Amino acid sequence: MYGKIIIRCCLVVRTGLHIGAGNAFSAIGAVDSQVVRDPLTGLPMIPGSSLKGKLRSLLARSLSKDIQRMPDFDQDDGRIKRLFGSANPVHRARLQFADCFVANAEEMERVHITEVKAENAINRATSVANPRFIERVVAGTRFAVSIVYDVEDAGQTAEDFALLAKGMKLLQMDYLGGHGSRGSGRVSLCDFRLEPFETSVELEPLCALFKEVEAYELLPV
């Protein structure tokens, strides 16, 4: 058996989101860490690798039950490896994540789509401040999410989707990107829709799983 199911949804930024572009040098007075951007439009983007990596990490942490001793990638639970892939042994991922681009650019034109957040690290011994400036995508920005699932075994599809939905619930209770312990990176997921391609898998039970994801919205809209 082989077919595909496209999972589309909207990722809404609820608090400033920072996924860094990896600047090696910043001039004095400049932003220390800029967000990654789409080189074509200049708008912020969320790399598919960032979303994939965060979901995998959250699921691995959840299934291992011990966040202090996380397993190596090749020791992940078999359900995780079949969804996200494995190098040892080699196993092709059933999920393919696309980069996520801004979906409401026109709406956000009335405000700056990014902000610069000033932070200070204080030396406890000398009380000297070490200011730094972090660029963040502002709250209210919406990104279009597209994930393709390969239907390899119809009998495992419901279990696979339940695991993915669990990861998305965990993401809404955690954060995406950097500086999450200081309030950045809170997101919500909504407006799910599934599009089948050359598969007869029943979609209604799968759609119900993502309705549960939307119910895990923690911050006010």
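Parameters at a glance
- All residue numbers refer to positions counted from 1 along the written sequence of the respective chain.
- Note on the predicted model: pLDDT of at least 70 is required for a residue's local features to be given, and 80 or more for side-chain atom pairs to be given and counted; whole-chain, interface and lining totals, by contrast, use all residues.
- In computing side-chain properties, one takes all heavy atoms of the structure into account and sets aside hydrogens as well as water.
- Helix and strand assignments follow DSSP, with helices taken as H or I runs no shorter than four residues and strands as E runs no shorter than two, numbered in order from the N terminus.
- Burial status follows relative accessibility: with a 1.4 Å probe on protein chains alone, a residue under 20% of its type maximum counts as buried, one over 50% as exposed, and anything between as partly exposed.
- We define a polar contact as two N or O atoms separated by no more than 3.5 Å, with the added condition that, inside protein, one atom must be a possible hydrogen donor and the other a possible acceptor, whereas residues neighbouring each other in sequence contribute only through side-chain atom pairs.
- The contact criterion used is simple: two residues touch if any of their non-hydrogen atoms lie within 4.5 Å.
- By nonpolar core we mean a set of buried residues, namely Ala, Val, Leu, Ile, Met, Phe, Trp, Tyr and Cys, connected to one another through side-chain atoms within 4.5 Å.
- We define a salt bridge as a side-chain nitrogen of Lys or Arg found within 4 Å of a carboxyl oxygen belonging to Asp or Glu.
- Every axis in this analysis is a line fitted to C-alpha atoms, fitted for helices over the stretch in contact. Angles between the N-to-C directions lie between 0 and 180 degrees.
- Each angle receives one of four descriptions, namely roughly parallel if under 35 degrees, roughly antiparallel if over 145, roughly perpendicular if within 65 to 115, and oblique otherwise.
- The nonpolar class holds Ala, Val, Leu, Ile, Met, Phe, Trp, Tyr, Cys and Pro. Asp, Glu, Lys and Arg form the charged class, and all remaining residues, Gly among them, are polar.

Enquirer: Explanation requested: the environment of G155 in the structure shown.
Expert: Inspection of the secondary structure puts G155 in helix 3 (residues 154-172). Sequence-wise, G155 and A93 are 62 residues apart; in three dimensions their C-alpha atoms are separated by 17 Å.

Enquirer: How do you make sense of the side chain of T141 when you look at a structure like this?
Expert: Looking at where T141 falls in the secondary structure, it is placed in the loop between strand 8 (129-137) and strand 9 (142-151). Its relative accessible area of 0% is what places T141 among the buried residues. Reaching out from T141, the side chain makes a polar contact with the backbone oxygen of V138 at a distance of 2.9 Å. In this view, T141 contacts L11, V12, V13, V102, N104, M108 and I113; residues no more than four positions away in its chain are not counted.

Enquirer: What should I look at first to understand the nonpolar core in this one?
Expert: What tends to happen in soluble globular proteins is that the nonpolar side chains get buried as a cluster. One finds I5, I7, L11, F143, F161, M168 and F210 to be the most contacted residues of the largest nonpolar core, which totals 49 residues. With six residues, helix 3 is the single largest residue contributor to this core.

Enquirer: In this structure, what is going on with the pattern of salt bridges? I would like to understand it.
Expert: For side chains bearing opposite charge, pairing can occur when the charged atoms are close. Taken as a whole and assessed by the stated rule, the structure comprises 16 salt bridges. Linking R92 and D150 is a salt bridge whose minimum nitrogen-to-oxygen distance equals 2.4 Å. Here R92 is found in the loop between strand 4 (90-91) and strand 5 (95-97), whereas its partner D150 is found in strand 9, with 58 residues between them in sequence. Under the relative-accessibility criterion, D150 is labelled buried at 0%.

Enquirer: Help me understand the packing of helix 1 (residues 48-64) against helix 3 in this model?
Expert: When two helices pack together, their arrangement is given by the angle between their axes and by how far apart the axes lie. It is the contact of helix 1 with helix 3, at a shortest axis distance of 9 Å, that shows an interaxial angle of 100°. If you check the angle between helix 1 and helix 3, you find them roughly perpendicular. Counted together, L51, K54, L55, L58, L59, S62 and L63 of helix 1 and L163, L164, K166, G167, M168, L170 and L171 of helix 3 form the full contact between these two elements. When grouped by side-chain class, the residues that make up the contact of helix 1 with helix 3 number 10 nonpolar, two polar and two charged.

Enquirer: For this particular structure, what's the right way to read unusual backbone geometry?
Expert: Backbone phi values are negative for most residues with the exception of glycine, while trans is the configuration of most peptide bonds. Cis geometry is found at the peptide bond from N88 to P89, where omega equals 0°. Structurally, P89 can be placed in the loop between strand 3 (86-87) and strand 4. Non-glycine residue H179 carries a positive phi angle of around 65°. For H179, the position within the fold is in the loop between helix 3 and strand 10 (187-197).

Enquirer: Any chance you could explain the environment of T126 here in plain terms?
Expert: Mapped onto the fold, T126 is located in the loop between strand 7 (114-122) and strand 8. The class of T126 is partly exposed, set by a relative accessible area of 49%. Sequence-wise, T126 and G177 are 51 residues apart; in three dimensions their C-alpha atoms are separated by 31 Å.

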